[in-house]
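Commentary on secondary and tertiary structure
As a plain string of letters, each chain reads:
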Amino acid sequence: VGVVGSPITGDSLNIFLQLAGYRPLAAVAHRSTLLKRMFVRRFAPKNWYANHIRDVSRTTLDSFLYSIASLRETNLVPNLHRILVPTLGIYGQFDNVVNPNQNRLLQAGVPHAQIEVFDKSKHFPMFDETEKCLQIIQSFLAFT
């Protein structure tokens with residue numbers, strides 16, 4: 001199992017994402033090109049801005065709402081002990097989408113997990129510290 005910036009509990013999501021999981025607020029955000037652009041500019045890597053704008057613009061309100069609302073309700077803690085396979089968790093120290101302390105919950109629930117916290121990264125360590133990320137993933141896959 002490998003996760004990057006994964007929420008273990010929904011309350012770890014940025015407050016704007018949590019609020020976007022409510023239909024009235026999601027509808028306003030989804031209809032507003034300005035809000036979409038502001039949101040993507042705040043959270044997406046700079047070199048992916050155009051791709052994120054295109055992708056967000058193609059989503060329906062229901063798919064947007066469902067994905068955000070379901071994340072908000074996430075609580076993986078009761079089931080983490082069931083993960084018996086090699087596990088890698090990668091988190092950015094400065095994640096602005098998911099609280100980076102989620103790595104502690106993953107480690108507590110899956111004691112054999114390999115946890116890597118990238119000290120120069122936000123939510124997308126694979127973009128912020130590409131070489132380090134590739135090296136860790138390759139090492140993890142070679143070991144398993």
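Just so it is clear, the model here is predicted, and its values are computed rather than measured.

This brings us to the pattern of salt bridges. In this structure the tally under the stated criterion is one salt bridge. Residue R72 is joined to E73 by a salt bridge in which the shortest nitrogen-to-oxygen separation is 3.5 Å.

Throughout the structure, instances matching the rule amount to one aromatic pair. Between F124 and F127 the ring centres are 5.8 Å apart and the planes differ by 45°, which places this aromatic pair in the tilted class. The exposure class assigned to F127 is partly exposed, which follows from its relative accessible area of 27%. The ring of F118 carries K132 above its face, with NZ or CZ at 4.6 Å from the centroid.

With that settled, the discussion passes to the sheet that holds strand β2 (residues 88-92). With parallel pairing, three strands are arranged side by side in an open sheet as β1-β2-β3. Looking at strand neighbours, the two that pair on one side only are β1 (2-4) and β3 (114-118), the edges of this open sheet. Averaged over all adjacent pairs, the angle separating strand axes in this sheet is 10°, with direction ignored. Note: β1 against β2, three bridges, orientation parallel. Counted as the bridge partner of G2 is L88 from β2.

Let us look at the side chain of S121. Counting through the fold element by element, S121 comes out in the loop between β3 and α7 (125-128). Within the structure, the side chain of S121 is placed 2.7 Å from the side chain of E129, a separation counted as a polar contact. Not counting residues within four places of it along the chain, the set of residues in contact with S121 comprises G92, Q93, F94, D95, D128 and E129.

Let us now look at the confidence of the model for the protein chain. Averaged over all residues, the pLDDT of the protein chain is 83; the fraction at 70 or higher stands at 67%. Between the elements of the protein chain, mean pLDDT differs from a low of 59, seen in helix α4 (residues 49-58), to a high of 98, seen in β2.

Let us look at the pairing of β3. Pairing analysis gives five bridges linking β2 to β3, with the strands arranged parallel. For G89, the partnering residue across the bridge sits in β3 and is I115. Read from β2 through helix α6 (residues 102-109) to β3, the crossover connection turns out right-handed.

Quick look at the side chain of E129 now. Looking at the secondary structure, you find E129 in the loop between α7 and α8 (130-143). Here E129 occupies a buried position and makes no salt bridge, while the nearest side chain of opposite charge, K132, is found at 4.1 Å. In this structure, E129 is in contact with F118, D119, K120 and S121, ignoring residues within four places of it in sequence.

Attention now moves to α6. Buried residues of α6: Q102, N103, L106 and G109, and no others. Viewed along the axis of α6, the buried residues span an arc of 135°, placing them on a single side of the element. Across from the buried face of α6, at angles greater than 90 degrees, the exposed residues are R104 and A108. On its buried side, α6 packs onto β1, β2 and β3.

Rules used in this analysis
- Residues numbered from 1 in each chain as written.
- Predicted model: local features only at pLDDT ≥ 70, side-chain atom pairs only at ≥ 80, totals over all residues.
- Heavy atoms only, no water.
- Salt bridge = Lys/Arg side-chain N within 4 Å of Asp/Glu carboxyl O.
- Phe/Tyr/Trp six-rings, centres within 6.5 Å; stacked < 30°, edge-to-face > 60°.
- Buried < 20%, exposed > 50% of the residue type's maximum accessible area, 1.4 Å probe, protein only.
- Lys NZ or Arg CZ within 6 Å of the ring centre and 35° of its normal.
- Pairing = 2+ DSSP bridges.
- Helix = DSSP H or I, 4+ residues; strand = E, 2+ residues; numbered from the N terminus.
- Axes fitted to C-alpha atoms, helices over the stretch in contact; angles between N-to-C directions.
- Polar contact = N/O pair within 3.5 Å; in protein donor to acceptor, adjacent residues only side chain to side chain.
- Contact = heavy atoms within 4.5 Å.
- pLDDT = per-residue confidence, 0-100.
- Right-handed = clockwise from strand over helix to strand, strands pointing away.
- Lys, Arg positive; Asp, Glu negative; His and termini not counted.
- Arc of directions from axis to C-beta.

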